[in-house]
Each structure stands twice: as C-alpha cells, then as structure tokens.
Amino acid sequence: MNYRFAAPSPGYLIAPSILSADFTRLGEQIAECEAAGADWIHVDVMDGHFVPNLTMGPFIVEHVRRVTSLPLDVHLMVQNPERLLKPFAEAGAGHLTVHVETCPDVAGILKEIKSLGCKAGLTLNPVTPAADLTPALPLADLVLVMTVHPGYSGQAFMPEVLPKIAEVRKMLDAIGSAAWLEVDGGISAETISRVREAGANAFVAANAIFKHPDGIAAGIRTLKQALGS
Ligand code: DX5
Ligand code: ZN
C-alpha cells in the first residue's frame, strides 16, 4: 500500500471521520475529502458494548479502501479488540487504534498490530489518565486523545482535556517519539487551534467537515485556515 505516514508540509494532518458522512454517497464524499486535501480517512468502529452505538465493520473498510488511496485510520471502540485486528488489517486498514481501557496487555496488542503491517495507535477516553499510556508509549505510532466521550459525532468539545494533551506531548517528547498526537471529538474552527497549541498535530473531525453548510471542501478549508495555513 502506497501512502504517507510522514508529516505533510504544514506539519499537521486532517482526518475526516466518515461517521457523519452521507452513506448513500460515501464514495463521492470520500473523493471530495481527498480532493480537498484530507490526509487520512478516520473510520469509527463501535460495538454497542464499549460504547452505546453500533457502526462499521471490516466490510465497510474493504469498500472504503477501494475508493481512496488515503490511509484508513481505524479507531476501534470495541471490547476485546484483539479479535478484530486481523479482519480489519485484511480489509485494508492502515492504522489500527485501540483503547487502553480495553487492553489488559497494551504492549502485546500494539506489537500484534505492527506484525499485521499496520501502524499502531493507542487511545484513551477523556477520564483516563495519560499515565496509563506509559508502559506501551514507545511502541505507539500514534496516540489519540479523546475530547468527547466516544460514541457519537457532533458532541461538544471537552476543554478540560487540554492539559492532558499537553501532558501526552511532553511524554512523547521525553522519549523522543515521533508518534502523531491525534485529537478526536468536537474539533471545529473554534477548537482546533487550542488543541494544536496543546501539542496535537493530527485532527479528526466529523461534523465540522461533513455537516459544514458550504460542503466538505469548505469544512476542510475552514479547519486549515483556523490553523493558519
Ligand atoms: C466519537 C468518534 C469521533 C467522532 C467525531 O466517538 O470517535 O471520531 O466521529 O465527531 P465530531 O468531529 O463531530 O465530534
Ligand atoms: Zn474516532
């Protein structure tokens, strides 16, 4: 698979979350994201147990894989994520991100993700302390900090998580890690610069992009403008 994981020129990434896409026009909407300069496509997988909502399985990833060359950034909000790694990797996921709350052996699962040829991501809920990342942090290719309680798009950004983003940035810098620091939940033109100032460099957004009144390209442009580029 040919895609970029290194930093594009502005030094940050935009990852539209298809959770807010119009699924009757998913292929078209992903093409619009790609044309508008999206870097990754974020896929929210929810199992109805770890989070109340139920969303997409490997079948969707397999179809999305066919319509874009962008990396598929798969966010697993599921209990027992280990059973789903292989199916999602085979379906074409580029990154597999697991919640620390769901993994008794975080280092083991990150190694398994890498052995499947994917980038390994680690994420934590708003109430989970950054310290829970410590044992496996050197193995992470990306760390995703949730700024809403996971489950739905369109929720309000939780500013109380900003200090934790700064803390994770310090932890990554302290070990010399070049992992992406991604933020997910309530990212908009109003909140994105605050999360960047706290140290994030990859930004997931669903509603701000797919529900922008002037369309997807305007949504992406507005986020980039808010970052000053
Ligand atoms: C929330 C998901 C997010 C969600 C973001 O559980 O993990 O990726 O789609 O939606 P917005 O950007 O609308 O808050
Ligand atoms: Zn997500």
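Going by the structure above, here's the rest.
Note that the structure is predicted; figures quoted are calculated from it, not measured. (Residues numbered from 1 in each chain as written. Chains lettered and ligands numbered in written order. Predicted model: local features only at pLDDT ≥ 70, side-chain atom pairs only at ≥ 80, totals over all residues. Heavy atoms only, no water.)

1. Observations regarding the coordination of the zinc ion (ligand 2)
Here comes step 1: Ligation of the zinc ion (ligand 2) by protein atoms is provided by H42 (NE2), D44 (OD), H75 (ND1) and D184 (OD), these donors lying 2.0 to 2.3 Å from the ion.
Here comes step 2: Its six donor atoms give the zinc ion (ligand 2) angles of 71 to 168 degrees at the centre, a pattern that matches the octahedral case.
Here comes step 3: One chain supplies every donor for the zinc ion (ligand 2), spaced along it as H-x1-D-x30-H-x108-D. With H42 in strand 2 (residues 41–46) and D184 in strand 7 (residues 180–184), this residue pair connects regions lying 142 residues apart in the sequence. As far as burial versus exposure is concerned, H42 and D184 are alike and both buried. (Donors = N, O, S within 2.8 Å, 3.2 Å for Na, K, Ca; no water. Tetrahedral: all angles 85-135°; square planar, octahedral: opposite > 155°, others 65-115°. Helix = DSSP H or I, 4+ residues; strand = E, 2+ residues; numbered from the N terminus. Buried < 20%, exposed > 50% of the residue type's maximum accessible area, 1.4 Å probe, protein only.)

2. Topic: the pairing of strand 2
Here comes step 1: Of all six residues making up strand 2, six are buried, and the element is well covered by its neighbours.
Here comes step 2: Along strand 2, one buried face is formed by I41, V43 and V45 and the opposite face, lined by H42, D44 and M46, is buried too.
Here comes step 3: With six bridges connecting them, strand 2 and strand 3 (residues 72–77) associate as parallel partners. Looking across to strand 3, one finds that V45 is bridged to L76. (Pairing = 2+ DSSP bridges.)

3. Let's talk about the layout of surface pockets
Here comes step 1: In this structure, the largest pocket encloses a volume near 330 Å³.
Here comes step 2: In terms of lining, the largest pocket is formed by 30 residues, of which the most central are G154, G186, I187, A206 and N207.
Here comes step 3: When residues of the lining of the largest pocket are traced back to their parent elements, those giving at least two are strand 2, strand 3, strand 8 (202–205), helix 7 (207–210) and helix 8 (216–226).
Here comes step 4: Ranked by residue count, the leading element in the lining of the largest pocket is helix 8, at three residues. (1 Å grid on protein atoms, 1.4 Å probe; cavity = no way out; pocket = protein on both sides within 12 Å on 5 of 7 lines; lining within 4 Å. Points joined across faces, edges and corners; volume = space filled by probe spheres on them.)

4. A look at the site of ligand 1
Here comes step 1: Among the 20 residues in the neighbourhood of ligand 1, the closest are listed as D44, G151, G154, D184 and G186.
Here comes step 2: Separating an oxygen atom of ligand 1 from a backbone N or O atom of G151 is a distance of 2.7 Å.
Here comes step 3: In isolation ligand 1 exposes 380 Å². Once the protein is present, 99% of that is buried.
Here comes step 4: Using a 2 Å cut-off from the grid points, one finds that ligand 1 occupies the largest pocket.
Here comes step 5: Contributions of two or more residues to the shell around ligand 1 are made by strand 2, strand 3 and strand 8.
Here comes step 6: Counted by class, the shell around ligand 1 contains nine nonpolar, nine polar and two charged residues. (Near = heavy atom within 4 Å. Polar contact = N/O pair within 3.5 Å; in protein donor to acceptor, adjacent residues only side chain to side chain. Areas by Shrake-Rupley, 256 points an atom, 1.4 Å probe, with all protein chains shown as cover. Sits in = over half its atoms within 2 Å of the grid points. Nonpolar A, V, L, I, M, F, W, Y, C, P; charged D, E, K, R; others polar.)

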